[in-house]
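# Architecture at a glance
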Amino acid sequence: MTVVHRSPAPHVVIVGGGGTGGALALDLALRGLRVTLVERGEITSGTTGRHHGLLHSGARYAVNDPESAAECIQENQLLRRVAPGSFEENDGLFVGLDEEDMAYGEKLFAACGETGIPARWLSAAEALRLEPNLNPALKGAIQVPDATFDAMRLPLRWFATAKAHGALIQPFCEVTSLIVHDKCVTGVRGRDHRTERDFEISADIVVNASGPWAEKVAAMAGVDVPIQPSPGVLLALRGRFCNMVINRMHKSGDGDIVVPQRALSIVGTSSWIVDDPDDLGVPEDHVQKMYEEGAKLIPAVRSAPFRQAWSAARPLIGSRGAATGRELSRTFKCFDHMERDGVEGFVTISGGKGTTARAMAETTADVVCRKLGVDAPCRTRDTVLLPHTAYYTA
Ligand SMILES: Cc1cc2nc3c(=O)[nH]c(=O)nc-3n(C[C@H](O)[C@H](O)[C@H](O)COP(=O)(O)OP(=O)(O)OC[C@H]3O[C@@H](n4cnc5c(N)ncnc54)[C@H](O)[C@@H]3O)c2cc1C
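Residues numbered from 1 in each chain as written. Predicted model: local features only at pLDDT ≥ 70, side-chain atom pairs only at ≥ 80, totals over all residues. Heavy atoms only, no water.

It is worth spelling out the domain arrangement of the chain at this point. With domains assigned, the chain is organised as domain 1 (11–47 + 153–226 + 329–393) and domain 2 (90–146 + 228–317). On a C-alpha basis, the centroid separation for the pair domain 1 and domain 2 is 31 Å. Counting the surface lost from both domain 1 and domain 2, the interface buries some 1100 Å², and carbon and sulfur atoms represent 55% of this. Counting across the domain 1 and domain 2 interface gives three salt bridges. Applying the counting criterion to the domain 1 and domain 2 interface returns five residue pairs in polar contact (both at pLDDT 80 or more). Of all the elements in the fold, those that place two or more residues in the side of domain 1 that touches domain 2 are strand 19 (332–336) and strand 20 (346–351). (Domains from an automatic or database assignment. Buried area = accessible area lost by both parts, 1.4 Å probe. Salt bridge = Lys/Arg side-chain N within 4 Å of Asp/Glu carboxyl O. Polar contact = N/O pair within 3.5 Å; in protein donor to acceptor, adjacent residues only side chain to side chain. Helix = DSSP H or I, 4+ residues; strand = E, 2+ residues; numbered from the N terminus.)

Let's shift gears to the layout of surface pockets. Approximately 390 Å³ is the volume attributed to the second largest pocket. Those elements that provide at least two residues to the lining of the second largest pocket are strand 17 (264–268) and strand 18 (306–317). Top element by residues in the lining of the second largest pocket is strand 18. It accounts for three residues. Tallied by class, the residues present in the lining of the second largest pocket amount to seven nonpolar, five polar and four charged. (1 Å grid on protein atoms, 1.4 Å probe; cavity = no way out; pocket = protein on both sides within 12 Å on 5 of 7 lines; lining within 4 Å. Points joined across faces, edges and corners; volume = space filled by probe spheres on them. Nonpolar A, V, L, I, M, F, W, Y, C, P; charged D, E, K, R; others polar.)

Ordered by their spatial adjacency, six strands build an open sheet running 9-2-1-13-20-19, and the pairing between neighbours is mixed. Whereas interior strands pair on both sides, the edge strands pair on one side only; in this sheet they are strand 9 (168–170) and strand 19. Averaged over all pairs of adjacent strands, the angle between their axes in this sheet comes to 15°, without regard to strand direction. Across the sheet, helix 1 (residues 19–30) is in contact with strand 1 (11–15), strand 2 (34–38), strand 9, strand 13 (205–208) and strand 20; its angle to strand 2 comes to roughly 165°. Of the strands in this sheet, strand 1, strand 13, strand 19 and strand 20 touch helix 9 (residues 357–372), which is tilted by about 15° from strand 19. (Pairing = 2+ DSSP bridges. Axes fitted to C-alpha atoms, helices over the stretch in contact; angles between N-to-C directions. Contact = heavy atoms within 4.5 Å.)

Taken together, the neighbourhood of the ligand is formed by 36 residues, with Thr-20, Glu-39, Thr-48, Leu-54 and Thr-355 sitting nearest. Between the ligand and Thr-48 there is a distance of 2.5 Å, counted from an oxygen atom to a side-chain nitrogen or oxygen. One of the side-chain N or O atoms of His-52 is found 2.9 Å from a nitrogen atom in the ligand. Protein contacts shield 98% of the accessible area of the ligand, which totals 1000 Å² for the unbound molecule. At the level of elements, helix 1, strand 10 (173–181), strand 14 (227–238) and strand 18 are the ones that each hand at least two residues to the shell around the ligand. Considering every element that reaches the shell around the ligand, the biggest residue donor is strand 18, with four residues. Domain assignment of the residues forming the shell around the ligand places at least three in each of domain 1 (11–47 + 153–226 + 329–393) and domain 2 (90–146 + 228–317). (Near = heavy atom within 4 Å. Areas by Shrake-Rupley, 256 points an atom, 1.4 Å probe, with all protein chains shown as cover.)

Turning our eyes to something else, we now look at the nonpolar core. Residues Ile-14, Leu-28, Trp-158, Ile-169 and Val-207 are the most contacted members of the largest nonpolar core, which totals 47 residues. For this core, the element with the highest residue contribution is helix 9, accounting for eight residues. When residues no more than four places from it in sequence are discounted, the contact partners of Ile-14 are Gly-21, Leu-24, Ala-25, Leu-28, Val-35, Thr-36, Leu-37, Val-38, Val-207 and Ala-209. Among the nonpolar cores identified, the runner-up in size contains 31 residues, and Ala-124, Leu-235, Cys-242 and Ala-309 belong to it. (Core = buried A, V, L, I, M, F, W, Y, C linked by side-chain atoms within 4.5 Å. Buried < 20%, exposed > 50% of the residue type's maximum accessible area, 1.4 Å probe, protein only.)

Looking now at empty space enclosed by the protein. For the structure on display, the rule yields one cavity of 30 Å³ or more. In this structure, the largest cavity occupies an estimated 30 Å³ of space. If you go around the largest cavity, the residues you meet are Leu-26, Val-82, Trp-158, Arg-358, Thr-380, Thr-383 and Leu-385. Residues belonging to the lining of the largest cavity are distributed by class as follows: four nonpolar, two polar and one charged.

Pasting the structure below:
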């Protein structure tokens, strides 16, 4: 692989082609930097292409994780403007099935108010009018501005627009080591799986945007980042049983979301902790739990035809020792390894949600520009994205 850039601007190499890397490639390209993104597989083949496709309102995190909730609602509103056509603007319901749920609903409603998430109470009859397949025994519901999107196609719009602004996107290029001189990262080495040839790319800064693999990539620079890969199982069923995103009105638990995606219903998810994000598996008892818990929200789930079950790992920030991952925040963090570890030229971004990828990119690009002495504002807040199909034609 030969990387040829025409402009003399500083060069940033991004490791990881998920939503975070794609949004970052666009942000940096719009600020006038030269960008090369390397992804070991196909673009979005990590966690990004395998999640529910829920554009979080933030309500799910409002009670226990208000920082993440506030990030979600801000991005939820912003992304609808810059990515028109990518969302089914269907809203979500938090459904209370018993008195305990309804007590949690009071806390949820108050927390939505505190974090700026529009929310309104619905009676059981109102909720059933909107979603006739809900459990008819429900006690009440809260409506919030959740939405749905295609987990692969929305990020492809960042990649497409980044390419149109000069970024080089290199799928199937795996970074196997970082080039480090005197505690300064000056580039990456790896293998191009398309040609089976090794490559070497020099950079002014390398950004580690490798999601749940961030700990492994950081170790190549001799630094430790506290990433806990936390997988969850998703179950796709044939049949669209709801038009809104249906959430259980309780503290996050297994099988308590049903997301409509085209003619399917996706039931999610579970949560556990692994050491290796390449070794997840799909535990059968988790699949059964999706059926059981999902059917409490929508009884038709119990006998719906199976389409697929899979797992993906969240890149959560937290020191080792977490029990299931549910206790860890969904917020994100950008590490400047010079400030933290005395290693220059190397930055890690991790944590967050698919919903907050653009905000993660903005924070990271601010750090990169500060380090490079580049004075350029973020433009991803108001740059309307190209359609996902432009990724293949640009
Ligand atoms: C079960 C589940 C459900 C979820 N549901 C939702 C949801 O509905 N809505 C939402 O907003 N969020 C959801 N999330 C969270 C969301 O999926 C993640 O936060 C997000 O996808 C992370 O994106 P990323 O780009 O940081 O990581 P990734 O998408 O994992 O991207 C990292 C990339 O780095 C690549 N890489 C790794 N090592 C190397 C290397 N050495 N060289 C080159 N490339 C490398 C990987 O192949 C990968 O493609 C969910 C997560 C899980 C696990």
